[in-house]
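# Overview (structure and organization)
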Amino acid sequence: MAIKQLSVFVENKPGKLLDIVKALAGEDINIRAMSIADTKDFGILRLIVSDTEKAKAILSEDCVVTVTNVIAAEMSDKAGALSTILNAFGEPNINIEYMYAFTASTELGAYVVIRVDDTDAAEKVLKDNGIAVLDNTAI
């Protein structure tokens with residue numbers, strides 16, 4: 001199942017990221033995964049958090065925030081693990097828009113977060129290839 005990711009548009013100024021992290025921590029929202037891409041004037045902060053709706057409400061007070069479905073595919077910690085996931089997307093021609101990796105607790109392991117053009121097809125392909133994916137209940 002797809003998981004919810006927040007995309008937060010943040011001014012590229014000192015202290016802005018700290019303000020976001022403090023705001024989430026102050027509401028006991030855990031950041032599970034994070035990626036940031038920047039330009040001179042702004043950045044796009046992508047977050048997987050423990051409470052998506054609450055985080056969106058908090059961060060929307062000062063930033064533009066969108067919620068996107070992404071896939072968190074499990075991968076082992078060995079050479080070639082990522083290529084197994086990417087190979088699964090080859091035949092059905094699923095396009096990857098972006099991705100980033102994270103490690104979870106020992107029980108959950110390592111994952112790659114993938115934004116694709118067809119989430120349902122991607123989830124089916126991963127399942128058919130024996131690749132586990134997280135859902136929001138595991139976050």
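Summary of the structure given here.

The rules behind the values
Residues numbered from 1 in each chain as written. Predicted model: local features only at pLDDT ≥ 70, side-chain atom pairs only at ≥ 80, totals over all residues. Heavy atoms only, no water. Pairing = 2+ DSSP bridges. Helix = DSSP H or I, 4+ residues; strand = E, 2+ residues; numbered from the N terminus. Buried < 20%, exposed > 50% of the residue type's maximum accessible area, 1.4 Å probe, protein only. Lys, Arg positive; Asp, Glu negative; His and termini not counted. Salt bridge = Lys/Arg side-chain N within 4 Å of Asp/Glu carboxyl O. Polar contact = N/O pair within 3.5 Å; in protein donor to acceptor, adjacent residues only side chain to side chain. Contact = heavy atoms within 4.5 Å. Core = buried A, V, L, I, M, F, W, Y, C linked by side-chain atoms within 4.5 Å.

Summarising the sheet, strand β2 (residues 31–38) and strand β3 (residues 42–49) pair through seven bridges and their orientation is antiparallel. When the bridges of β3 are listed, Met 34 appears paired with Leu 47. Linking two consecutive strands that pair antiparallel, namely β2 and β3, is a turn of three residues.

Another aspect to go through is the side chain of Arg 46. Tracing the sequence through the fold places Arg 46 in strand β3. Nearest to the buried, unbridged Arg 46 among oppositely charged side chains is Glu 97, at 7.3 Å. Side-chain polar atoms of Arg 46 contact the side chain of Tyr 98, separated by 3.2 Å. When sequence neighbours within four positions are dropped, the list of residues in contact with Arg 46 reads Gln 5, Leu 6, Ser 7, Ala 33, Met 34, Ser 35, Tyr 98 and Tyr 100.

To continue, consider unusual backbone geometry. Although it is not a glycine, Asp 28 adopts a positive phi angle of roughly 60 degrees. Among the secondary structure elements, Asp 28 is positioned in the loop between α1 (16–26) and β2. Residue classification places Asp 28 among the exposed residues on the basis of a relative accessible area of 71%.

Ranked by internal contacts, the top residues of the largest apolar core, which has 14 residues, are Leu 6, Val 8, Ile 20, Leu 24, Leu 47, Val 49 and Leu 59. Of all the elements in the fold, those that place two or more residues in this core are β1 (3–11), α1, β3 and α2 (52–59). One finds Phe 89, Val 112, Ala 122 and Leu 126 within the second-largest nonpolar core, a separate group that totals 13 residues.

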